[in-house]
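Residue strings, one per chain:
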Amino acid sequence: MLRRASYVIGITLACLSCGRDELRRDTPAARGTTVVVALGGDPGQLNPAITTGGGVHPVTDQIFNGLVGLDEQLRPVPELAERWDVEDGGRRYRFHLRRGVTWHDGVPFTSADVVFSFEQVLLRYHSRTRAGLGPALQGISAPDDSTVVFEFRHPYAPLLLRLDVTEASIVPKHVYGDGQDLLAHPANQRPVGTGPFVFTSYARGDRVVLSRNPRYFRPGLPGVDHVVFRILASNATAALALESGDVDYSSSVPGPDVARFKANPTLRVVQSTGGSGGSVCQEVLIPNLARPPLNRLDVRRAIYHAVDLGFIAERVYFSQGQAATGPISSRHAWAYTAPGRHYAHDTARAAALLDAAGLRRQADGTRPISLSFVHAANQVRLADVLRDQLRAVGITLRLEPLDFNAAVDRVFVKKDFDLGFASFCNGADPDIGVRRVYSSSNIGPIPFSNGAGYRNPVVDSLFDAGSATLDLEARRQTYARIQEILAEDLPYFWLFDSAGYRAWRATFTGFRPWSGAFLEAVRPVEP
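Throughout this description, residue numbers start from 1 for each chain and increase along the sequence as written. Given that the model is predicted, a residue must reach a pLDDT of at least 70 before its local features are reported, and side-chain atom pairs must reach 80 or more before they are shown or counted; all residues, however, enter totals for whole chains, interfaces and linings. Hydrogens are left out, water is left out, and the side-chain values use all remaining heavy atoms of the structure.

### Describing the overall build of the protein chain
Where we set the bar: Under the DSSP-based scheme used, a helix requires at least four consecutive residues in state H or I and a strand at least two consecutive residues in state E, with every element numbered from the N terminus. C-alpha atoms define the radius of gyration in this analysis, and the globule rule sets the expected value at 2.2 Å times the number of residues to the power 0.38. Each residue gets one of three labels from its accessible area relative to the maximum for its type: buried under 20%, exposed over 50%, partly exposed in between, using a 1.4 Å probe on protein chains only.
Scanning the protein chain for helices and strands turns up 16 helices and 21 strands. In terms of C-alpha radius of gyration, the protein chain reaches 23 Å, essentially the compact-globule figure of 24 Å for 527 residues. Along the first, second and third principal axes, the C-alpha atoms of the protein chain reach 70 × 60 × 40 Å. Within the span of the protein chain, comprising 527 residues, buried residues form 58% of the whole.

Shown next as structure tokens:
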């Protein structure tokens, strides 16, 4: 049996190992094999179908399932659907569900759960599903308990790539029911899924505990008895806990620690663009286009010229990726095209644009521009850099650090900000994670949607066209045109195309860092 460095549920930030004795008591997490995962923020709630939030999905992707999964090459593989047929030239998809699957409370899983999850939850509240799938979908039906049919208005290429647990978790109809308040439902705090782990407990600001699902439909999985998600808001604290053995897995390794971790024989370190919450992600500044002066294109262009993307890539993100050049990540091989318009770091150009806009420096050297920057507290390094870079051209940036969930609420729901921040994940296809950021139909009080409030009917039509053909080259050309238009309109400030490092203790094997369900196959290394 493995060493029990994982007995750390009661650990505080001030004492990383003082919880060991507490957990030697007879508690659920102290029996059997436990893997401890560092979680970068409090999830707030545990319903994955109403959010794309990165703090929710690392936990819930272990509790729920999607119709399909994605392998390491982002190819669809069976999950709740054991097979599928593509009919009528891509206008119809027929899914044949696994039989004998049960929810964690013992109720049978059926096609009614799938129809409910899409019609009542995902298409209303999940920003990526709402923006991409909604306009193309004609309807979903359930001919019988083990069959689900998706009908589209036109051929729809990306469907199979957007049905995994991260993009489309299936939730139980019998728990949520029709007509209930899904955003405030008690089950959002005590989730019931079909996945490899069963919810046990959630202590806000401290931990979430899961236990092995003994009735999981994949024989022999999962490979550990318990999972403890320790909420550690600081990456530096998580790194220290990983090195000391108090944490077994971290999805974010601070740049200065990468070389040391790679040289440590007790750790395994890999670089990945995927994982829970989404894949192929971009770090993005969000200007509130409803507020002056950010509603002016010349001002936005001045700001983007003032921002030194190379410095940010090196000093904030420690080159765990590269500076962004546009709205689609450069790591999205087939869909990415470098836009013709490039915003090089040029403070003289920024100053000239601001002068021409009538926003000249005042006697104290500042310009009549003062912007609030609403951001999560863990983005303080980026905030400090941006404040310094904008100050160089006379712009005042007022930093407003908040708890992650509070920052999301201020930016996406209340719209009370000048500049915001998000890590927008492109996903396996631009229709999954890119479209939701720019689609005018996705403006509303929905987390990680079109937070800027950008509207362009040409762009909307091009996104429709990009998903309506199975011809990959035609799709690539459509997305190239989208990138050109967005680079001209500059509705967001694209900062960084990320490819971070994940690390885990060598005493475990089977982590799948590219997958939402990254813990499904984890097991202790045999001595």
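Having seen it, we continue.
### Concerning the pairing of strand β13 (residues 281-287)
Using the following cut-off: Should DSSP find at least two bridges between two strands, the strands are regarded as paired.
Counting buried positions along β13 yields 7 of 7 residues, so the element is predominantly enclosed. Both faces of β13 are covered, namely the face carrying C281, E283, L285 and P287 and the face carrying Q282, V284 and I286. Note that β13 and strand β17 (residues 419-425) share 7 bridges and pair antiparallel. Each bridged residue has a counterpart across the sheet, and for L285 the counterpart in β17 is F421.

### Considerations on the sheet that holds strand β6 (residues 137-144)
To keep it simple, the criterion reads: Angles run from 0 to 180 degrees between N-to-C directions of axes, and those axes are lines fitted to C-alpha atoms, restricted for helices to the stretch in contact.
Spatial strand order, β4-β5-β7-β6: 4 strands in an open sheet with antiparallel pairing. Whereas interior strands pair on both sides, the edge strands pair on one side only; in this sheet they are β4 (81-87) and β6. The sheet shows a mean angle of 20° between the axes of neighbouring strands, direction not considered. Of the pairings in the sheet, the one linking β6 to strand β7 (residues 147-152) comprises 5 bridges and is antiparallel in character. When the sheet's bridge partners are listed, S141 is paired in β7 with V149.

### Section: the pairing of strand β1 (residues 34-39)
Burial runs high along β1: 6 of the 6 residues are buried. Of the two faces of β1, both are covered, the one formed by T34, V36 and A38 as well as the one formed by V35, V37 and L39. As paired strands, β1 and strand β10 (residues 226-231) are joined by 6 bridges and run parallel to one another. Each residue of the ladder has a partner; that of V35, found in β10, is V227. Of the pairings in the sheet, the one linking β1 to strand β11 (residues 249-250) comprises 2 bridges and is parallel in character. Each bridged residue has a counterpart across the sheet, and for A38 the counterpart in β11 is S250.

### A few points about helix α16 (residues 472-489)
To keep things clear, this is the line we draw: Each helix should span, by expectation, one fewer than its residue count multiplied by 1.5 Å. By definition in these notes, contact holds between two residues if any of their heavy atoms fall within 4.5 Å. Think of a polar contact as two N or O atoms within 3.5 Å of one another; within protein, one of them needs to be a possible hydrogen donor and the other a possible acceptor, and neighboring residues in sequence only count if both atoms come from side chains.
Here α16 contains 18 residues, and its C-alpha end-to-end distance of 26 Å stays within 8% of the 26 Å for a straight helix at 1.5 Å per residue. Here α16 has its buried residues at R475, T478, Y479, A480, I482, Q483, I485, L486 and A487. Where the residues of α16 are buried, they touch α13 (430-433), α14 (435-438), α15 (457-467) and β18 (493-498). N-cap assignment for α16: the residue whose side-chain oxygen lies 3.0 Å from the backbone N of E473 is D471. Phi turns positive, to about 45°, at L490, one or two residues after α16.

### Focus: the state of the cysteines
For clarity, the cut-off: Criterion for a disulfide: a pair of cysteine sulfur atoms at a distance within 2.5 Å.
Tallied over the entire structure, the rule returns 1 disulfide. Paired through a disulfide, C281 and C425 show a sulfur-sulfur distance of 1.9 Å. With the S-S dihedral at roughly 85°, the linkage between C281 and C425 falls on the right-handed side. With a gap of 144 residues between them, C281 in strand β13 and C425 in strand β17 connect regions that are remote in the sequence. Note on accessibility: C281 and C425 belong to one class, buried.

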